[in-house]
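Commentary on secondary and tertiary structure
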Amino acid sequence: MLGSKLSWASVGQTDPQGARQPVGSSRGDWQLQAIAQLLNVTPPIAPMGLPEGQTAAQAAGQLLADSRRLGEELATRHGPDHAALVEVAVKTNLLLLLYEKKPTLGGAIRQAVDAAAARADLPPEACGPLIDLLSGEPSAASVRESVFELHSRVERLLRTAPAGP
């Protein structure tokens, strides 16, 4: 959930229909701070959101830098599976940000998500539908829908998983 909140807070919220929500209008900023505090990791530096005039590529670069640092901290404090969950969330949210204009990135992101899902010990049914979809040439709308479904499946898995040691 932390990776998803980081992504949404960093680039502004996109709803399941693809409509952008204004930065600061989502609950992502305070949720990100609360989850980071709960996990005892350093949250990204505020202000969050896609600044006026920033391109999607610039936002993606900043998101990757923030998530890399966060992933390293999570791996140290909680294990590599936690860092891998952040990677799944961030990379799938990058699809929401970039796929429509750069569908060629789908293959590389598919491979990264597939590898991260394995490191996170996610069952195949969690990410499999998106991985399978990205093996072809899907529309941006179908990718968007599949990403949101993946996030819902992973959230349900995390909510029902037994507490760790």
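Now for a look at the structure at hand. As the structure is a prediction and not an experimental result, all values here were calculated from the model.

**Let's talk about the environment of C127**
Tracing the backbone shows C127 in helix α6 (residues 124-134). As a C-alpha pair, C127 and E149 span 22 residues in sequence and 9.2 Å in three-dimensional space. Setting aside residues up to four positions removed in sequence, C127 forms contacts with V88, V113, A117, L122 and L150.

**A few points about unusual backbone geometry**
Located in the positive-phi region is D121, a residue other than glycine, with phi close to 60°. Take D121: it is sitting in the loop between α5 (106-119) and α6.

**Topic: the pattern of salt bridges**
Under the definition given, this model contains five salt bridges. Two residues, R77 and E73, come together in a salt bridge whose shortest N-O distance is 3.4 Å. Here R77 and its partner E73 are both found in helix α3 (residues 56-78), four residues apart, which amounts to about one turn of the helix. Residue R77 is classed as partly exposed on the basis of its relative accessible area of 46%. For E155, the salt bridge goes to R159, with nearest N and O atoms at 2.5 Å. With E155 and R159 both in helix α7 (residues 140-160), this residue pair falls four residues apart, about one helical turn. When its relative accessible area of 57% is taken as the criterion, R159 is described as exposed. Each of R69, E73 and R77 takes part in salt bridges that share partners, so that together they form one network.

The rules we used
- Residues numbered from 1 in each chain as written.
- Predicted model: local features only at pLDDT ≥ 70, side-chain atom pairs only at ≥ 80, totals over all residues.
- Heavy atoms only, no water.
- Helix = DSSP H or I, 4+ residues; strand = E, 2+ residues; numbered from the N terminus.
- Contact = heavy atoms within 4.5 Å.
- Salt bridge = Lys/Arg side-chain N within 4 Å of Asp/Glu carboxyl O.
- Buried < 20%, exposed > 50% of the residue type's maximum accessible area, 1.4 Å probe, protein only.

So, to be careful, I would describe these as geometric facts and stop short of saying anything about function.
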